[in-house]
Amino acid sequence: MNSRERVHAVLNHQLPDRVPNGLGGCETAGLHVIAYDNLQKLMSVEQKPARVDTFMMNAVFEEPVIRAMDGDLILLASPNMCKSDLRGDADGQWKEQKLWGKTFSIPVQDYFSVNSDGYLVWDSCGGVICPKGSYYFDQNEAVDLMAEIEVPDPEQFHPRDTIEEKTLRNLENAAKKLYEETDLSLCLGESITDLQVAPGGIIGSMVLMMEEPDVMRALLSKCVEAGLKQIELLEQAVGKYVDILSVAHDFGDNNGVTIGEELWRDIYKPFYKQFFQGWRSITNMKINLHSCGSIASILGDLIECGVQIVNPVQTSAAGMSAEALKQRFGKDVVFWGGGYDAQLIDTSSSYGDVYRNVYKNVKILGAGGNYIFAGVHNLPANMPEHHLKAMLDAYRDARDY
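Note that the structure is a prediction, hence the values are computed from the model and not measured. (Residues numbered from 1 in each chain as written. Predicted model: local features only at pLDDT ≥ 70, side-chain atom pairs only at ≥ 80, totals over all residues. Heavy atoms only, no water.)

Asker: Just to check I follow, could you spell out the pattern of salt bridges for this structure?
Answerer: Should their charged atoms come close, side chains of opposite charge can pair. Scanning the entire structure with this criterion turns up 26 salt bridges. Among the salt bridges present, the one from Asp 301 reaches Arg 265, with a minimum N-O distance of 3.0 Å. Of this pair, Asp 301 sits in helix α9 (residues 296-305) while Arg 265 sits in helix α7 (residues 261-267); the two residues are 36 residues apart in sequence, bridging distant segments of the chain. For Asp 301, the salt bridge identified is with Lys 269, shortest N-O distance 2.8 Å. One end of the pair, Asp 301, is in helix α9; the other, Lys 269, is in helix α8 (residues 269-282), with 32 residues separating them in the sequence. (Salt bridge = Lys/Arg side-chain N within 4 Å of Asp/Glu carboxyl O. Helix = DSSP H or I, 4+ residues; strand = E, 2+ residues; numbered from the N terminus.)

Asker: How should the environment of Ile 34 be read in this particular structure?
Answerer: Mapped onto the secondary structure, Ile 34 falls in helix α2 (residues 33-42). Exposure remark for Ile 34: the relative accessible area of 10% places this residue in the buried category. C-alpha of Ile 34 to C-alpha of Asn 58: the two residues are 24 residues apart in sequence and 8.5 Å apart in space. Residues in contact with Ile 34, not counting those within four places in the same chain, are Trp 100, Phe 104, Tyr 135 and Ala 381. (Buried < 20%, exposed > 50% of the residue type's maximum accessible area, 1.4 Å probe, protein only. Contact = heavy atoms within 4.5 Å.)

Asker: So what exactly am I meant to see when it comes to the side chain of Gln 93 here?
Answerer: On the secondary structure map, Gln 93 appears in the loop between β3 (73-77) and β4 (94-99). Residue classification places Gln 93 among the buried residues on the basis of a relative accessible area of 19%.

So, in structure tokens, the structure goes:
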């Protein structure tokens, strides 16, 4: 089987020749750019300045690296995350920038500086800072827990329901080129209006769900309508080339569903059912839902709604062990991730410890199919090089059925 055939088999709940490798195939299955630099070295490919995709500072996986690590998926584009095109004709859209003592490639619209305290400042992203010794940027969202929540007017809420023609044509050209010139499976990153509407921020929206649930429902209804209109446009542009389309909504923390299962079912479930069933009636591009944390208690509901792929499979969260997930849901949904969980594996862990952990998870999640290998979310900058090697060695040794 080639890569595309292998991924197609998994997505259609058939058994391929081996577990596909989806590392780097979506925005939340990759590596921080510093870890990616180490991966280029490990794979003995030409070390080019890694391109920075998304606010999480993860890297764009290039085709030579994907081939060297036996990868099967490539991220086509990330329109909602990255200001520059990832594929196709991206000339003039990237520039070199020194970050953390190394040279990377960033979108031309982005600007960074260093302030008097030595903090790295992302000037073009509202001046958010990366403190000394860190590799991630803090968000400037102060929350006043005593502030009165302003109830939005649904009549004045107009979520984006179109995609620019230029963006559609760029996606179409890049997808066609990758489809014809490679045998990799294509994943389109987060591109549509999703259901993460949060008036008043995360806390404000939680209050709104409790005090004005009908207002929240009206907002979600408009988001569903907008997202489905965009899916229709994407289907016309890239539907014949792309296998997977991603959407995100972080429902869980390490202990469970943040707003609780009952409130989630009351507020969100009807709209996810409408959204996912509408999605599946429009396109064959599979639904890849990214949702962090412990979502085991609502995963059955999401499957009922129509979700087809779940990422990142956070095995460190409550009820999210590889064994428990595979036993309960392994026949009904594709798991993408779960191979290396940085919350469970300390940086001081040996090659052997990492190898055994990853090997075990791949064997469990891959049993009988319905699994795409990757780490849990984007793996961190300080992931040791011998951990990268152990992870990929374990995957290669465990991937056969």
